[in-house]
Amino acid sequence: MAMAVEVAGGGSGGGGTLSEFYQSSRRLLLKTRDGLERLERFEYTSSSSSSSVLSSGAAVSDPSEKSVDGLRKDISQIQTLCSLMERLWRSIPAKSQRDLWKRKVEQVAEEVDSLKDSLDKYNLRHQRRMEEVRERAELLGRASGDSSHVLRIFDDEAQAMQSARSSSRMLEETLATGAAILSKYSEQRDRLKRAQRKALDVLNTLGLSSSVMRLIEKRNRVDRWIKYAGMILTIIVLIFIWRWTR
């Protein structure tokens, strides 16, 4: 079967099958991803280890550098496994199995490249921040020679970050409140428009009723005049008949 294809020697430190190399690469991916997430959480939640080293006056030795070195070794090992797996899947005779393992190995390669890119970005940010801290510590050390100022730098940074987070939450709450107020205004405007349309409909209806009433009154007056004229004509005819019969 395809998974039983073996390779000997190489950067993995020994032989193994394609399936074994794949399982090893998946375990290393999980380990590397978990370690990178811990580093990123540490980056935004604590800087006590750096401040303690700087305040002692000794040479700066960042404890997170060991974690970064360990992650780089794991990433390098995964890349080595990908190279071995690529050699193995290409030697599989069955096309369906070969295509399946090609997709699996390419997925591992894409994930490890993404982790390497994230680790490089983290390391760049961390080195830049450490350099800024060193420069501030040197300036304060030359000005006063008191290491307590170094700790104050980190306290100020922590307070600034907390203030920024609080300001962000307040801004989000303010925007939410404003959106709710605008929504209520929009609803009130819609209600006013509906009331205005109803009022216009009522006025139009009243205007039509008044016109109809005026027509009815005119018709009633005409009917009354016709009635009076008929009565007068009847009286004249009766008088004329009475005189004619005498």
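Just above, that's the structure.
Just so it is clear, the model here is predicted, and its values are computed rather than measured.

Caption draft 1: A look at the overall build of the protein chain. In terms of helices and strands, the protein chain carries five helices and two strands. Listed N to C, the secondary structure of the protein chain is β-β-α-α-α-α-α in terms of helices and strands. The proportion of buried residues among the 246 residues of the protein chain is 23%. Taking contacts inside the protein chain between residues at least 6 apart in sequence as the whole, the part at least 24 apart equals 71%. Approximately 17600 Å² of the protein chain is accessible, and the part contributed by carbon and sulfur atoms is 58%.

Caption draft 2: Structural context of a nonpolar patch on the surface. Taken together, the side chains of L233, V237, F240, I241 and W244 make up a nonpolar region of the molecular surface, amounting to roughly 590 Å² of accessible area. Within the fold, W244 resides in helix α5 (residues 148-245).

Caption draft 3: Structural detail: the nonpolar core. Ranked by size, the top nonpolar core spans 25 residues in total, and within it L18, I78, M85, V108 and L119 carry the most contacts. Listed by contribution, the elements that provide at least two residues to this core are α1 (18-45), α3 (64-90) and α4 (95-144). Looking at which element gives the most residues to this core, the answer is α3, with ten residues. Once residues lying within four places of it in the same chain are set aside, the contact partners of V108 are Y22, S25, R26, L29, I78, C82 and M85.

Caption draft 4: Focus on the pattern of salt bridges. All told, the structure shown has ten salt bridges when counted by the stated rule. For K116, the salt bridge is made with D120, and the minimal N-O distance between the two is 3.3 Å. With K116 and D120 both in helix α4, this residue pair falls four residues apart, about one helical turn. The partly exposed category is assigned to K116, whose relative accessible area is 34%. Given the relative accessible area of 28%, D120 is considered partly exposed. Where salt bridges share partners, they join R26, R33 and E111 into one cluster.

About the criteria used
Residues numbered from 1 in each chain as written. Predicted model: local features only at pLDDT ≥ 70, side-chain atom pairs only at ≥ 80, totals over all residues. Heavy atoms only, no water. Helix = DSSP H or I, 4+ residues; strand = E, 2+ residues; numbered from the N terminus. Buried < 20%, exposed > 50% of the residue type's maximum accessible area, 1.4 Å probe, protein only. Contact = heavy atoms within 4.5 Å. Areas by Shrake-Rupley, 256 points an atom, 1.4 Å probe, with all protein chains shown as cover. Patch = residues over 30% accessible without salt bridge, like charges linked within 9 Å, V, L, I, M, F, W, Y side chains within 5 Å. Salt bridge = Lys/Arg side-chain N within 4 Å of Asp/Glu carboxyl O. Core = buried A, V, L, I, M, F, W, Y, C linked by side-chain atoms within 4.5 Å.

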